[in-house]
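# Structural description and commentary
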Amino acid sequence: MTNSINDISDAKCILAIGTNTTEAHPIIGMDVRQAVHRGTRLIVANPLEVGLVEDAALWLQHRPGTDVVLLMGMMKIIVDEGLADEAFIGSRCENYAEFKESLKDYPLKLVEEITGVPGEKVTEAARMYATNKPAAILYTLGITQHTHGTDNVMALANLAMLTGNIGKPGSGVNPLRGQNNVQGACDVGALPNVYPGYQSVADEKIQKKFEAAWGARLDPKPGKTLTEIIPAAHDGKIKAIYLMGENPSLSDPDGKHVREALNRLDFFVVQDIFLSETAQFADVVLPACSFAEREGTFTNTERRVQRVRKAIEPVGVSQPDWWITCQIARHMGAKGFDFESPEAIMEEIARLTPSYGGINYKRLENGGLQWPCPTEEHPGTAILHTDIFTRGKGRFMPLTYRPPAEMPDEEYPLVLTTHRSLFQFHTGTMTRKVKGLNIFKGEERVAINPEDAKSLGINDDEMVRVVSRRGDVTAKVMITEKSPKGTVAMTFHFAETPTNELTNPAYDPVAKIPEFKVSAVRVEKVKKAAVSTAR
C-alpha cells in the first residue's frame, strides 16, 4: 500500500476495484464501511455483487477482464471535462502528452460496449473520483490475476496520478495483500529477480555487495516464478523442488498438469505445518511449526513490520522454518547459516536492506514500523511518494486493451471467476480443520445467475458438473443474482471440489500471475447422488 490502513478514514472517495474486501480483508472492509457512514463516497467496480455493493454510492458491474477499458474510459472523461490535476501532472509526472493522446482510443460508446457498464455510470464514477479529494484506490487479486494484470495496475497508477491522488493522506494506490506475510516474503527476497529490499540481481554493484556479505558467488540471471517452475518440472527441465508453505496442487491453475509435474520430479521436499494435498506427493516432509510456536516478524499489507512471539512450544518434532533451512544448508557445507535466532537474521536484513535499515527487535517492542525506515532514528513511513516518486517523476503509461486469453464460445459458453469466502482461507490447509468454520461454509457452491440456471434446467442445491478445457469438478449449485448472467463464481478452498482443475494457466507476461479470474466453462446437470470429483 502506498498509504496506511488508518488513512482510509481520511478519504473523501474510495474506489474499491477487483476486491471483495468484506470477505477477504474483513477488518479493512469494516474501516471502509465506517468511512462511508461518515460521508465517504464509495465506488465499487466488480463483476460480482460483493458485500461492499450495499454500501456503495455507485456500483460498476463490468465484465470480467475489462478493467483497462473501464479505467481508461473514466480517465478520458476526467481529461475531457477538465478535471485532471494539471499542477500535479506538470510538477510530478512525465509522458502525459502521449498518454492523453492514447485516451482517444476509449470513446464512451466503446467503453460501454466492451465493459457492459452504462456510459452514464462510467461518467458518474469519473466525476465522483476526480472531484472528491482525497480519493483512495483499493484493489486485490481481481485486478492482478489476469493475463493483463500489469496493465490493470498501471491503469490504476495512471488514474491516481491524473487526479493528484498520490502521496497525500487519504489517497494512494493500495493493494490489499492476500496473505498475512506475503508482503514480508517479497520484501526479503522471495522473488526470482531481486535480493532483499527489491535490489536487482542483475545490478552488478548490488551483486557484489551480497557476494561480499554472503561469501558466495551469485548468479546475475533472474530465476523462475512458481508459474514457470511447475511447467519446467513437467518438461523435465527441473528435477527437484524444495517447497515451503505452499499447496500448488490446489492453488495453481490446471491442477492435473501440476500433479503430473510433481510426479515427474526426481526429488520433492515439502516443508509445512500439516500434510497438505501437495505434501502427499513428497519424497520427504519436513514438519514446520506454526506462527504460535515461533519467534519472528510479519510485514503486513501497509508495509508494517510487527513482532511475532512464541505462545507455546513447538508440537511434536516440528521446528521453525528458519531453523530447518539453516540446518539443511549447514549439512550441505554452506557458510553464513549459523544464525542462533530470528533476531540475528533480522539484524542481517537491516544491514543489507536500506528500507529495513532502522528496524530491529528492540524498536519493535514498542510497536510496528512501516518501511522505508532507513535508520534507527527514522520513525517509519506512513505514506509513500509524498515529494518524489522512487524513479523520480511518475510516468504515464498509454495502454492497449487486451481481452482475456480464453473467452466463452459455443462449447464453453460461461465465464468462471474465482473468489474467496470469509469462513475459509486459501486451500483450507488450516481452516478446514476448524469445526466451527465448516459449519458456516463446509462445501463448495457454484454461484450461478437465475437466468443461466433456468436455461440449463438447474434448481438450487442440485449437483452440477463444471467443465473447462482442462478438467471438470462437481458441486452443488447456489442460484443467486450476485453472479451476473454469463458468469459463474467458485472459491478454491475445498479439496473435494478442486476448482483450479478448471482454471487457465495462461499468465501475465510481466508479473507471471495466472488468469484465475477468467476461464471459459460449461455447466451440466448431474444426478443428485453424484459425488464431488475432479479429473
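Residues numbered from 1 in each chain as written. Predicted model: local features only at pLDDT ≥ 70, side-chain atom pairs only at ≥ 80, totals over all residues. Heavy atoms only, no water.

## A closer look at the domain arrangement of the chain
As a reminder, the rule being used: Domain ranges listed in this record stem from an automatic or a database domain assignment.
Under the domain assignment, the chain is made up of domain 1 (5-176), domain 2 (182-370) and domain 3 (414-525). Centre-to-centre, using C-alpha coordinates, domain 1 lies 34 Å away from domain 2.

## Section: the sheet that holds strand S13 (residues 304-308)
Note the following rule: Between any two strands, pairing holds if DSSP finds at least two bridges. Starting at the N terminus, helices and strands are each numbered in turn, a helix being any DSSP run of H or I of at least four residues and a strand any DSSP run of E of at least two.
Here three strands make up an open sheet; going across it, the order is S12-S13-S14 and the pairing antiparallel. A strand with exactly one partner marks an edge of an open sheet, and here the two such strands are strand S12 (296-299) and strand S14 (369-370). In this sheet, S14 lies alongside S13 in antiparallel orientation, the contact comprising two bridges. Pairing of Val305 across the sheet is with Leu369, part of S14.

## Some remarks on the pairing of strand S18 (residues 463-467)
Consecutive residues of a regular strand have side chains that alternate between opposite faces of the sheet. We apply this condition: Between buried and exposed lies partly exposed: a residue is buried under 20% and exposed over 50% of the maximum accessible area for its type, with that area taken using a 1.4 Å probe on protein chains only.
The buried count for S18 comes to four of five residues, which makes it a mostly enclosed element. Both S18 and strand S19 (residues 472-479) contribute to a ladder of five bridges, which runs antiparallel. Following the sheet pairing, Arg465 is matched in S19 by Thr474. The antiparallel hairpin formed by S18 and S19 contains four residues in its connecting segment. Inspection of the sheet shows S18 paired to strand S23 (residues 519-525) by four bridges, in the antiparallel sense. Paired with Val466 across the two strands is Val523, which belongs to S23.

## Description of helix H9 (residues 149-162)
How we decide: Any helix carries an expected span of 1.5 Å times its number of residues minus one.
Taking 1.5 Å of rise per residue, the 14 residues of H9 would be expected to cover 20 Å, and the 20 Å separating its terminal C-alpha atoms lies within 8% of that figure. For H9, the buried fraction is high: 11 of the 14 residues fall into the buried class. Along H9, the residues classified as buried are Gly149, Thr150, Asp151, Asn152, Ala155, Leu156, Asn158, Leu159, Ala160, Met161 and Leu162. Trailing H9 by a residue or two, Gly164 shows a phi angle of about 70 degrees, which is positive.

## Here we look at the nonpolar core
Buried together is how nonpolar side chains tend to be arranged in soluble globular proteins. Under the convention used in this document: Residues belong to a common nonpolar core when they are buried Ala, Val, Leu, Ile, Met, Phe, Trp, Tyr or Cys residues joined through side-chain atoms within 4.5 Å. The contact criterion used throughout is that any non-hydrogen atoms of two residues lie within 4.5 Å.
Core analysis: the largest hydrophobic core is formed by 48 residues, its most contacted members being Ile137 and Leu162. For this core, the element with the most residues is helix H3 (residues 67-80), which contributes 10 residues. Aside from chain neighbours lying at most four places away, what touches Leu162 is Met75, Ile78, Val79, Ala84, Asp85, Ile89, Tyr96, Phe99 and Phe396. Grouped together as the second largest cluster of nonpolar side chains are 22 residues, Met1, Ala16, Val44 and Ala136 included.

## A closer look at the sheet that holds S23
The test is simple: Whenever a helix is involved, its axis is fitted only over the stretch in contact; in every case the axis is a line through C-alpha atoms, and angles between N-to-C directions fall within 0 to 180 degrees.
With mixed pairing, the six strands of this closed barrel are ordered in space as S16-S20-S17-S19-S18-S23. For this sheet the average axis-to-axis angle between neighbouring strands, irrespective of direction, equals 45 degrees. Here strand S16 (residues 414-418) runs beside S23; their pairing, made up of three bridges, is antiparallel. Looking at the pairing, Leu416 lines up with Ser519 of S23.

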